[in-house]
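The primary structure of each chain is shown beneath.
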Amino acid sequence: MASRATHAGPAGGFHIAIVGAGISGICMGIQLKRAGIHNFTIYEREHAVGGTWRDNTYPGCGCDVPAFFYSFSFEQKSDWSRKFSLQPEILEYLHQCVDKYGLMPHISFGNAITHARFIPEDGLWVLTSARGDEVLANVLVSGCGQLNRPRYPDIDGLEAFEGTCFHSARWNHDHDLRGERVAVIGSGASAIQFVPEISPQLERLTLFQRTPNWVIPRQDRDYTSTQHWWLRWFPLARRLHRCFIYLWLESRWPAFSLGTRSANRFKQTATDDMCERVADVELTRRLIPDYPIGCKRILISDDYLEAVQADNVEVVTSPIERVTATGVETADGRSHRVDTLVLATGFESTRFLAPVEVVGKDGRRLDQTWVDGAEAYLGVTVAGFPNFFMCYGPNTNLGHNSIIFMIECQVRYILRCIEALRKRRLRYLDVREDAVAAYNGVLQRDMKKRVWEADCNSWYKTDAGKVTNNWGYSTVYYWWKTMKPDFSKFLQVGLDEVDVTACRVDLRSLPAKPPRRASSLAMEVSVP
Ligand code: NAP
């Protein structure tokens, strides 16, 4: 490994490495190209783009955010087939973006980054991939997302099950479920989408629900040909439609604060709706949660509550005791015989960046830094990990609006940091520890007022109850906070300067040094 490297990346020069070719990686790549920066590589573990939309292919898989706002602002599609698009259409859109902006030559497929170490003397990241490659990068961007590693439940006897067993995020399409007895463990966002799709063809579907979820109507519909005509030929109509969806989603934000009038009204409306849709009183009682709406992700569906009332479907709420060779045993002493077990048990959401071992400038590992729960400044940067930026990092997930909006804000912020690295002739930018601590102190304090702090378990929090996944304010506030980096919050180490991190000198107060020739930073950046 080179310790005093002078160039980075496969082609030399200022190189940006992006981990993951999902929505974040694609957005970052496109915006770099639009800014005139072409020396970047997207390292992708798999052999195709799309991230979660490539991995999740279960029947009925789709998005619970309207398509017109679950797409990039700079690449608006006018012919979404329906209000809430399904996975194949979203994946196709992402493929179209990759092709249109010429990202393919930038993607290194089947090349998972496993280790990243920062060399402060050089201002470079040394990246090691699973296949043994070693690459240098001036800037490292994570596009790993929060929902990319399936969580397998720790249930006694699971490995002894002799039927077919798979996770919903790794759907086994070779296995024919028709006429089978199927058990589904989990009743979250994935389960509610595939249960209505598969249940009609099964002999029996047993759904093991540990915690009930709030389910509200999706009100999905196809776009008509007249609507398509307007949306295609009148860009203003398209923009207004997008804007309307954004405002409609954002208008729900006040309902995500504990005890507000909108929260109470939202809960009452959802309760009334669920009571109306579920005929059986006993089943209604088991399906309606007792925690505030929004504490766990709100599920939207037009057919889930109807599907679980079918004669061949049973919702079991007695806790699972163990899995046996032939089925599932529950605490009430029942034994449920099944042919196939589908684990709809979600993702390792709080273990951000778990597949990559990231080592910062003092030799500290990111997972050690985050031992009490991940945190970052604006969800993008972490103190001690210079020139390292995250998309969809800690505390940037939403319960009420589109994550693509947040990712676009993050990408803009990162581009401005890259621009600063060049214009200020910096070796690295490192967010100050005190800035991160102050920011997270306020965030976690305000988080106490939000619904996800209520008494419910969810993938938004760690086992200790710290909310590490969700943003605690409106999206407008995030947009404003990430509009322009506040560089007073960063240590800015110049190309010729010594690293003075330990004595906490603000380098901006030092006299400017004459610029040194810096071939590695000689690229033009124009941020849109
Ligand atoms: P999830 O919402 O976290 O649901 C996991 C389910 O598995 C929960 O019902 C959970 O019960 C249950 N579970 C976990 N471990 C268990 C165990 N040991 N025993 C019994 N039950 C267990 O996961 P998901 O449904 O895959 O969805 C995760 C997230 O992915 C969503 O919230 C959403 O953000 C995203 N997603 C989005 C879409 C979309 O439309 N955009 C679609 C699918 C997924 P508890 O509730 O008791 O923990």
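Look above for the structure.
Residues numbered from 1 in each chain as written. Predicted model: local features only at pLDDT ≥ 70, side-chain atom pairs only at ≥ 80, totals over all residues. Heavy atoms only, no water.

Peer 1: Could you give me a rundown of helix α11 (residues 403–423), with the residues and numbers involved?
Peer 2: In this model α11 runs 30 Å from its N-terminal to its C-terminal C-alpha over 21 residues, within 8% of the 30 Å that 1.5 Å per residue would give. With respect to burial, α11 is a largely interior element, 19 of its 21 residues being buried. Structurally, the start of α11 carries an N-cap: the backbone nitrogen of I404 is 3.2 Å from a side-chain oxygen of S402. (Helix = DSSP H or I, 4+ residues; strand = E, 2+ residues; numbered from the N terminus. Expected span 1.5 Å × (residues − 1). Buried < 20%, exposed > 50% of the residue type's maximum accessible area, 1.4 Å probe, protein only. Polar contact = N/O pair within 3.5 Å; in protein donor to acceptor, adjacent residues only side chain to side chain.)

Peer 1: So what's going on with the sheet that holds strand β5 (residues 124–129)? Which residues, and what values?
Peer 2: Backbone hydrogen bonds hold the strands of a sheet together, and the pairing may be parallel or antiparallel. In spatial order, the strands read β6-β5-β4-β18; together these 4 strands make up an open sheet with mixed pairing. Of all the strands in the sheet, the pair left with one neighbour each is β6 (134–137) and β18 (357–359). Between one strand and the next, the sheet's axes are offset by a mean angle of 15°, whatever the strand orientation. Bridge count for strand β4 (residues 113–119) against β5 is 6 bridges, and the pairing is antiparallel. Each residue of the ladder has a partner; that of H115, found in β5, is T128. (Pairing = 2+ DSSP bridges. Axes fitted to C-alpha atoms, helices over the stretch in contact; angles between N-to-C directions.)

Peer 1: Explain the state of the cysteines to me, using residue names and the numbers behind them.
Peer 2: Within the structure shown, the criterion is met by 1 disulfide. A disulfide bridge connects C295 with C456, and the sulfur atoms are separated by 2.0 Å. Here the S-S torsion is close to -95°, and the disulfide linking C295 with C456 is therefore left-handed. Here C456 lies in the loop between α12 (433–447) and α13 (475–481) and C295 lies in the loop between α8 (281–287) and β12 (299–300), a separation of 161 residues in the sequence. Here the two residues C295 and C456 agree in accessibility, since each one is buried. The thiol of C27 is not disulfide-bonded; the next cysteine sulfur, from C391, is found 6.9 Å away. (Disulfide = S-S within 2.5 Å.)

Peer 1: How would you summarise the site of the ligand if you had to cite specific residues and measurements?
Peer 2: Surveying the vicinity of the ligand reveals 24 residues, the closest of which are G62, S190, T211, K296 and W459. A distance of 3.2 Å is found between an oxygen atom of the ligand and a backbone nitrogen or oxygen belonging to A344. For the ligand, whose free accessible area comes to 900 Å², the fraction covered by protein is 88%. Of the residues assigned to the shell around the ligand, the class counts are 9 nonpolar, 10 polar and 5 charged. Per-domain counts for the shell around the ligand show at least three residues from each of domain 1 (16–49 + 103–148 + 349–448 + 456–524) and domain 2 (158–343). (Near = heavy atom within 4 Å. Areas by Shrake-Rupley, 256 points an atom, 1.4 Å probe, with all protein chains shown as cover. Nonpolar A, V, L, I, M, F, W, Y, C, P; charged D, E, K, R; others polar. Domains from an automatic or database assignment.)

Peer 1: How would you sum up the nonpolar core? Please name residues and give values.
Peer 2: Counting residues in hydrophobic clusters, the biggest one holds 124 residues, and the most contacted among them are I16, F72, V184 and F194. Formed jointly, this core draws a minimum of three residues from each of two domains, domain 1 (16–49 + 103–148 + 349–448 + 456–524) and domain 2 (158–343). (Core = buried A, V, L, I, M, F, W, Y, C linked by side-chain atoms within 4.5 Å.)

Limitation: the analysis is restricted to geometry and does not speak to function.
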